[in-house]
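The primary structure of each chain is shown beneath.
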Amino acid sequence: MPELTIAVAKGRLQAEALALLAGAGVAVPSDALSSRRLAVEDESGRYRFIFVKPADVPVYVEHGIADCGIVGRDILLESEADLLQPLTLAIGRCSIVVAALTGVSLSDAGMLRVATKYPRIAAAHFGARGRPVEIIELSGSVELAPLLGLADCIVDLVETGRTLRENGLNVIEVINESTGRLVVNRASYQLKAEAIGSLIGALDLAAAKEFES
Ligand code: PRP
């Protein structure tokens, strides 16, 4: 029976998260990775991994189904889950930005229509500036919204900037920077202190080694 269950965000962070874990001595067998299985054990049998959508990582960890998780700060800012965040990981570096079509000035618009996958981050950002906004929540391909006239601007992630560029959008403002985080369930942190402590230590060491190289 594995000691710890770790939820890993699928998608942009997954490869880097698994590489970091491997550096920390927690290796997932390659046949398990190339399969479509969503729950696998590491080679030692100490850890079980579940691969879930990024927004679901805080849900599994808060409910204690997973003891820990690896997920981007962007997701944690959007989530209201009550989690411990003992470690910042230098993976999945990106920014959360406001972007609009090149040449468009947002100060011209009265009520701004903002398309986003991050409704809370967007509402908090414009709310703090006293700017009235209509938040249009989308699940992906958010860059299309200003192009097709659905929104005046977007709040979205930028990693390389390629998606914005290729769709004629420019960054207007950076709201936040994001990297990966290790998150831990509050009860697990107490009840499985030794196993979680050793995972945090190994990840911290692996991250430092990666930073040096
Ligand atoms: C993210 C984000 C941007 C893109 C940015 O989308 O929402 O669309 O990546 O990356 P870039 O700056 O390197 O071009 P994701 O790939 O998660 O897919 P989605 O649009 O379906 O959410």
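Residues numbered from 1 in each chain as written. Predicted model: local features only at pLDDT ≥ 70, side-chain atom pairs only at ≥ 80, totals over all residues. Heavy atoms only, no water.

A. A look at the site of the ligand. Around the ligand sit 13 residues, and of these Arg-12, Lys-117, Glu-143, Thr-160 and Thr-163 come closest. Here an oxygen atom of the ligand sits 2.4 Å away from a polar atom, N or O, in the side chain of Lys-117. Between the ligand and the protein, one listed contact pairs an oxygen atom with a backbone N or O atom of Ser-141 at 3.0 Å. In terms of residue count, the dominant contributor to the shell around the ligand is strand E8 (residues 153-158) (three residues). Across the shell around the ligand, the residue classes break down as two nonpolar, five polar and six charged. (Near = heavy atom within 4 Å. Polar contact = N/O pair within 3.5 Å; in protein donor to acceptor, adjacent residues only side chain to side chain. Helix = DSSP H or I, 4+ residues; strand = E, 2+ residues; numbered from the N terminus. Nonpolar A, V, L, I, M, F, W, Y, C, P; charged D, E, K, R; others polar.)

B. Examining unusual backbone geometry more closely. Unlike most non-glycine residues, Ser-141 shows phi in positive territory, near 45°. Examined against the element boundaries, Ser-141 turns out to sit in the loop between strand E7 (133-137) and helix H6 (144-147).

C. Main features of the packing of aromatic side chains. Applying the stated rule across the entire model yields one aromatic pair. A ring pair is formed by Phe-49 and Phe-51, whose centres lie 6.5 Å apart and whose planes are at 10°; its orientation type is stacked. Taking the relative accessible area as the measure of exposure, Phe-51 reaches 6% and is therefore buried. (Phe/Tyr/Trp six-rings, centres within 6.5 Å; stacked < 30°, edge-to-face > 60°. Buried < 20%, exposed > 50% of the residue type's maximum accessible area, 1.4 Å probe, protein only.)

D. Main features of the side chain of Ser-188. Here Ser-188 is to be found in helix H8 (residues 186-191). Here Asp-67 takes part through its side chain, which lies 2.8 Å from a polar atom of the side chain of Ser-188. Among residues more than four places away in sequence, those in contact with Ser-188 are Asp-67, Ala-193 and Ile-196. (Contact = heavy atoms within 4.5 Å.)

E. Quick peek at the pairing of E8. Most of E8 is tucked away, with six of its six residues classed as buried. Taken together, the three bridges between strand E6 (residues 112-116) and E8 define a ladder with parallel strand orientation. From the neighbouring strand, Ala-115 faces E8, where its bridge partner is Ile-154. (Pairing = 2+ DSSP bridges.)

F. Seen up close, the pattern of salt bridges. Across all of its chains, the model carries eight salt bridges by this definition. Arg-46 is paired through a salt bridge with Glu-3; the nearest N and O atoms lie 2.7 Å apart. With Arg-46 in the loop between strand E2 (39-41) and strand E3 (47-52) and Glu-3 in the segment before strand E1 (4-9), the pair connects residues that are 43 residues apart, well separated along the chain. Where Arg-120 meets Glu-80, a salt bridge forms, and the shortest distance between an N and an O atom there is 3.6 Å. With Arg-120 in helix H5 (residues 119-128) and Glu-80 in the loop between helix H4 (73-78) and strand E5 (84-101), the pair connects residues that are 40 residues apart, well separated along the chain. Take Arg-120: its relative accessible area is 42%, and that puts it in the partly exposed class. With a relative accessible area of 63%, Glu-80 lands in the exposed category. (Salt bridge = Lys/Arg side-chain N within 4 Å of Asp/Glu carboxyl O.)

G. Inspection of the domain arrangement of the protein chain at higher detail. Taken domain by domain, the protein chain holds domain 1 (4-92 + 179-212) and domain 2 (94-177). With centres defined by C-alpha atoms, the gap from domain 1 to domain 2 works out at 29 Å. In this complex, domain 1 contributes nine residues to the contact, which on the side of domain 2 involves ten residues. Of the roughly 960 Å² buried where domain 1 meets domain 2, counting both sides, 44% is carbon and sulfur surface. The three residues of domain 1 that bury the most area against domain 2 are Arg-12, Asp-74 and Glu-78, which together make up 57% of that side's buried surface. Scanning the region where domain 1 abuts domain 2 turns up two salt bridges. It is H4 that contributes the most residues to the side of domain 1 that touches domain 2, four residues altogether. Of the residues belonging to the side of domain 1 that touches domain 2, the class tally is one nonpolar, three polar and five charged. (Domains from an automatic or database assignment. Buried area = accessible area lost by both parts, 1.4 Å probe.)

H. How the structure looks around the sheet that holds E8. Read across the sheet, nine strands follow the order E2-E3-E1-E4-E9-E5-E8-E6-E7 without closing on themselves; strand pairing throughout is mixed. Each edge of the open sheet is held by one strand with a lone partner, namely E2 and E7. Across this sheet, the average inter-strand angle for adjacent strands is 25°, counted without regard to direction. Both E6 and E7 contribute to a ladder of five bridges, which runs parallel. Counterpart to Val-114 in the pairing with E7 is Ile-135. The sheet strands contacting helix H1 (residues 14-23) are E1, E3, strand E4 (68-72) and E5, and the helix crosses E5 at an angle near 160°. (Axes fitted to C-alpha atoms, helices over the stretch in contact; angles between N-to-C directions.)

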